[in-house]
Amino acid sequence: MHRSRGRTAARTAARTRTAARGLAAAPGRSRTVGRRARSAAAACAAVLAAGLGAAPAPAPGPAPAPAGAVRWGECRERPVPERMRCGTVTVPLDHDDPAKGTIRVALARIPASAPGRRPLGSLLLNFGGPGGRGTTALAADAATFAKLGERYDLVSFDPRGVGLSAPVSCGGSQQVGDLVPADAASQLAALRAVARGCALHSGPVLPYVGTVNVARDLDAIRGALGDEKLNYLGFSYGTRLGAVYAALFPRRTGRMALDGVDTLGEPLAEQALVSARGRQRALDGFLAWCARRPGPDGCVYGTDARTAGEAVEALVERLDREPLVGDDGSWFTGQDVVAALATALYAPAGRAALADALALVEQRHDPTGLMQLGGPTAAAPEPEADPGAGPAPIPADNPEAALTAVNCADDPDRGYDRAGPAAVAKELEELRPEFRKASKIFGPGLLGTVLSCYGRPAGTDFIRRIDHPGAPPVLLVGTRGDPATPYEWTRETARRLGAAVVLDHEGDGHTGYAASACVRAAVDGFLTGGPLPAPGARTCPAGR
């Protein structure tokens, strides 16, 4: 469900060779690196489907749209639940200057299934991203929220720049290209060219993406639905959006639960380091489980979790030097192993498949199992466009383009455009040991995050300045073994919001709602009018 966008992001990043690696590498990059060079913009997906911080300084925004402003009708994409309807709400392109024009934000709604039981209005959901489509995610995952859907109209949306809401694009690719010379000046010039291509293909909406503008759209949606206050459930990146809404509109914030909590304060490089440590903790947890795996299958690395970690590091290094070659001539490198690990660690249910896949590649030199883990997830497929409605105007690269655009709009710490190539290369080289210390497996790839916004307009720091905004209490769910949004971000965001209660999920995987009946009961109870968890009931043990 809400994990799928994060899995895609992890997969995209772990498969890339970043321009940052090219900048900081010694002369004469290996053949593998040369053939697989990728832009740092694509590597930005590595940080998570959900985490980064800041955006344009807000004003109160336009008056909310009048109730009933959404015209609901048949959804243009299939399949969708029988009772689901789709529509749009019109919002300003620039909330500070409505004269610049408008865009349409796509919505989907499933009416409350038991409206006789004191209906509660609308519950807005964001399943993660940035770059994730809410309309298709709601269609795929409606059953997960059936309890909430008894008394709430379940509503989700494609945020501006995403899906059917004025989608952004980079013209098909954010790759730097294999033919770009490895020197720093050439690589940085190529990154600027990528950024210009994104501006060229995205149209007028690109300067106005970012979480602050999406939060202001969210308030317009609230008004159009006729709700006095926003009731909201957000996952991963959706927690960033919810926190920003609470900061912008504290008096319009109703019941809010945030699961897989994002950071609001750390710059890109710090977030990348924390992400590397979080993924390493998740991998260590998997290897400890693998070492205890019972039965004839056991663990290909034996019963010592420490030596198992060293063996995985050796596998990545070995396949980066000498990739496996498939029947179609494609290469499977160590970074493809990293991609599979990052994907599989999102959910504890994938542990057995990951253990089997590692055994296959180690014993038979067969990467098929890992390729399947690094490929499409088991989530429900994207709905198909209605043939009678014409082709969907969504560029194929929209998820990746939107992810990078939003994260860059949200981050103010970008001075590289004012630094020369030699200075950029020097700083990257100085950072490399710290990233390797965080994780020899995940750290090197995440180093490219520091260049992910090179050549793009500077962001601002509103999100970073959120401090006790005065919203009502918010329920935050933090999972101890979360590889994408590390638990420490939950505590940090709780301090920033002030009025927040943390539910400590002691399990593994990204977010807790779908995996834990305990988490689900606490979230559902709070959102439907119950109290926040009492001090003695703020822990959900693993497996419950």
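Before going into details, it helps to say that this report is about the structure given with it.

What counts, and at which threshold
Residues numbered from 1 in each chain as written. Predicted model: local features only at pLDDT ≥ 70, side-chain atom pairs only at ≥ 80, totals over all residues. Heavy atoms only, no water. Helix = DSSP H or I, 4+ residues; strand = E, 2+ residues; numbered from the N terminus. Buried < 20%, exposed > 50% of the residue type's maximum accessible area, 1.4 Å probe, protein only. Polar contact = N/O pair within 3.5 Å; in protein donor to acceptor, adjacent residues only side chain to side chain. 1 Å grid on protein atoms, 1.4 Å probe; cavity = no way out; pocket = protein on both sides within 12 Å on 5 of 7 lines; lining within 4 Å. Points joined across faces, edges and corners; volume = space filled by probe spheres on them. Nonpolar A, V, L, I, M, F, W, Y, C, P; charged D, E, K, R; others polar. Axes fitted to C-alpha atoms, helices over the stretch in contact; angles between N-to-C directions. Parallel < 35°, antiparallel > 145°, perpendicular 65-115°, else oblique. Contact = heavy atoms within 4.5 Å. Core = buried A, V, L, I, M, F, W, Y, C linked by side-chain atoms within 4.5 Å. Pairing = 2+ DSSP bridges. Phe/Tyr/Trp six-rings, centres within 6.5 Å; stacked < 30°, edge-to-face > 60°. Lys NZ or Arg CZ within 6 Å of the ring centre and 35° of its normal. Disulfide = S-S within 2.5 Å.

### Topic: the side chain of aspartate 262
- Position of aspartate 262 among the secondary structure elements: in the loop between strand S7 (253-259) and helix H10 (268-291).
- When its relative accessible area of 1% is taken as the criterion, aspartate 262 is described as buried.
- Reaching out from aspartate 262, the side chain makes a polar contact with the side chain of arginine 240 at a distance of 2.8 Å.

### Considering empty space enclosed by the protein
- Per the stated rule, a full pass over the model turns up six cavities of 30 Å³ or more.
- Quantified by volume, the largest cavity comes out at close to 80 Å³.
- Lining the largest cavity are Ala282, Gly285, Phe286, Ala344, Leu345, Ala347, Pro348, Arg351, Leu354, Gly481, Asp508 and Gly509.
- For the lining of the largest cavity, the secondary structure elements donating two or more residues are H10 and helix H13 (351-364).
- Top element by residues in the lining of the largest cavity is H10. It accounts for three residues.
- Its residues assigned to classes, the lining of the largest cavity comprises seven nonpolar, three polar and two charged.

### What about helix H19 (residues 517-527)?
- Three or more residues of H19 are buried, namely Val519, Ala522, Val523, Asp524, Phe526 and Leu527.
- Among the residues of H19, the N-terminal cap falls to serine 516, whose side-chain oxygen and the backbone nitrogen of cysteine 518 are separated by 3.3 Å.
- Backbone geometry just downstream of H19 places glycine 529 in the positive-phi region, at approximately 110°.

### Structural notes on the packing of H10 against helix H16 (residues 421-438)
- Relative orientation of the contacting elements H10 and H16 amounts to 25°, with a least axis distance of 8 Å. Taken together, the axes of H10 and H16 are roughly parallel relative to one another. Across from Ala269, Ala272, Leu273, Ala276, Arg277 and Gln280 in H10, the residues of H16 making contact are Glu434, Phe435 and Ala438.

### Some remarks on the nonpolar core
- Counting residues in each nonpolar core, the largest one holds 57 residues, and the members touching the most others are Leu124 and Phe157.
- Counting 48 residues, the second-largest nonpolar core is a separate cluster that includes Leu191, Cys290, Val316 and Ala438.

### Notes on the sheet that holds strand S12 (residues 500-508)
- Ordered in space as S2-S3-S5-S4-S6-S7-S11-S12-S13, the nine strands form an open sheet in which the pairing is mixed. Looking at which strands have only one partner, the edges of the open sheet turn out to be strand S2 (85-92) and strand S13 (539-540).
- Together, strand S4 (122-126), strand S6 (230-235), S7, strand S11 (474-481), S12 and S13 form the strand contacts of H19, whose direction differs from that of S7 by roughly 170°.

### A look at unusual backbone geometry
- With omega at 0°, the peptide bond leading from arginine 78 into proline 79 counts as cis.
- Tracing the backbone shows proline 79 in the loop between strand S1 (77-78) and S2.
- Cis geometry is adopted by the peptide bond preceding proline 130, which originates at glycine 129 and carries an omega value of -10°.
- The topology assignment puts proline 130 in the loop between S4 and helix H5 (134-141).
- Phi angles above zero are rare outside glycine, and histidine 468 is one such case at about 50°.
- Mapped onto the elements, histidine 468 comes out in the loop between helix H17 (443-446) and S11.
- What makes histidine 468 exposed here is its relative accessible area of 52%.

### Notes on the packing of aromatic side chains
- Overall, the coordinates contain six aromatic pairs when judged by the stated rule.
- Between phenylalanine 145 and phenylalanine 235 the ring centres are 6.1 Å apart and the planes differ by 50°, which places this aromatic pair in the tilted class. Of the two residues, phenylalanine 145 is situated in the loop between H5 and helix H6 (146-151) and phenylalanine 235 in strand S6; the sequence distance between them amounts to 90 residues.
- The exposure class of phenylalanine 145 is buried, given its relative accessible area of 0%.
- Under the relative-accessibility criterion, phenylalanine 235 is labelled buried at 0%.
- Look at phenylalanine 235 and tyrosine 513: their rings are 5.9 Å apart centre to centre, the planes differ by 70°, and that puts the pair in the edge-to-face class. You can see phenylalanine 235 sitting in strand S6 and its partner tyrosine 513 sitting in the loop between S12 and H19, a full 278 residues away along the chain.
- One aromatic cluster in this structure is built from Phe127, Phe145, Phe235 and Tyr513.
- A cation over an aromatic ring shows up here: arginine 480 above the ring of tyrosine 487, its NZ or CZ 4.0 Å from the ring centre.

### A few points about the state of the cysteines
- For the structure shown, the criterion picks out five disulfides.
- Covalently, cysteine 290 is tied to cysteine 299 through a disulfide, its sulfur atoms 2.1 Å apart. Its torsion about the S-S bond being 100°, the disulfide of cysteine 290 and cysteine 299 is classed as right-handed.
- Accessibility expressed as a relative area gives 14% for cysteine 299, which makes it buried.
- The disulfide that involves cysteine 518 links it to cysteine 540, with 2.0 Å between the sulfurs. Across the S-S bond of cysteine 518 and cysteine 540 the torsion is about -75°, and the bridge reads as left-handed. Of this pair, cysteine 518 sits in helix H19 while cysteine 540 sits in strand S13, placing them 22 residues apart in sequence.

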